[in-house]
Amino acid sequence: MYGWIWRHLPGNAWVRALISLAMVLAVVFVLFQYVFPWAEPLLPFNDVTVDEGSGAAP
């Protein structure tokens, strides 16, 4: 897949590298701005199963 993208990008190696970097940054931006905030309520990170009073004896 990455080879296919690399072959279809215009320009020489430096231009391709810059376009690839811009594409990676765009994907990271979309993930952090839209995908992760949407998925956060669906993830069970705040669903704890440990009670406050059931710790180890002092």
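Residues numbered from 1 in each chain as written. Predicted model: local features only at pLDDT ≥ 70, side-chain atom pairs only at ≥ 80, totals over all residues. Heavy atoms only, no water.

> Requested: an account of the overall build of the protein, with residues and values cited.
Scanning the protein from N- to C-terminus turns up two helices and zero strands. The buried share of the protein, taken over its 58 residues, is 3%. For the protein, the accessible surface area stands at approximately 5600 Å², while carbon and sulfur atoms represent 71% of it. (Helix = DSSP H or I, 4+ residues; strand = E, 2+ residues; numbered from the N terminus. Buried < 20%, exposed > 50% of the residue type's maximum accessible area, 1.4 Å probe, protein only. Areas by Shrake-Rupley, 256 points an atom, 1.4 Å probe, with all protein chains shown as cover.)

> An account of the packing of aromatic side chains is needed here, citing residue identities and associated values.
Under the counting rule described, the total for this entry stands at one aromatic pair. Ring plane angle 90 degrees and centroid distance 5.2 Å describe the contact between F32 and F36, whose orientation is recorded as edge-to-face. One end of the pair, F32, and the other, F36, are both in helix α2 (residues 13-39), four residues apart, so they sit about a helical turn from each other. For F36, a relative accessible area of 42% translates into the label partly exposed. (Phe/Tyr/Trp six-rings, centres within 6.5 Å; stacked < 30°, edge-to-face > 60°.)

> Tell me about α2, residues and numbers included.
With 27 residues, α2 ought to run about 39 Å at 1.5 Å a step, and its terminal C-alpha atoms sit 36 Å apart, in line with that. Residue L31 marks the point of greatest curvature in α2, where the axis turns by about 40 degrees. The opening residue of α2, the one whose side-chain oxygen lies 3.3 Å from the backbone nitrogen of W14, is N12. (Expected span 1.5 Å × (residues − 1). Bend = angle between axes of the 7 residues up to and from the residue. Polar contact = N/O pair within 3.5 Å; in protein donor to acceptor, adjacent residues only side chain to side chain.)

> I'd like to hear about the UniProt feature "transmembrane region" (unreviewed entry) in the protein, residue by residue, with values.
Per the UniProt entry, the sites bearing "transmembrane region" (unreviewed entry) are residues 12-36 in this numbering. In residues 12-36, helix accounts for 96% and strand for 0%; the two terminal C-alpha atoms are 34 Å from one another. (UniProt positions renumbered as here; feature names shortened; annotations may be inferred.)

> So what's going on with a nonpolar patch on the surface? Which residues, and what values?
Taken together, the side chains of V24, V27, V28, F29, V30, L31, F32, Y34, V35 and F36 make up a nonpolar region of the molecular surface, amounting to roughly 930 Å² of accessible area. Tracing the backbone through its elements, the reader meets F29 in helix α2. Judged by relative accessible area, which is 49%, F29 ranks as partly exposed. (Patch = residues over 30% accessible without salt bridge, like charges linked within 9 Å, V, L, I, M, F, W, Y side chains within 5 Å. Salt bridge = Lys/Arg side-chain N within 4 Å of Asp/Glu carboxyl O.)

> I'd like a description of the environment of R16, backed by residues and values.
By the element assignment, R16 lies in helix α2. In this structure R16 touches W6, R7, L9, P10 and G11, once residues within four positions along its chain are discounted. (Contact = heavy atoms within 4.5 Å.)

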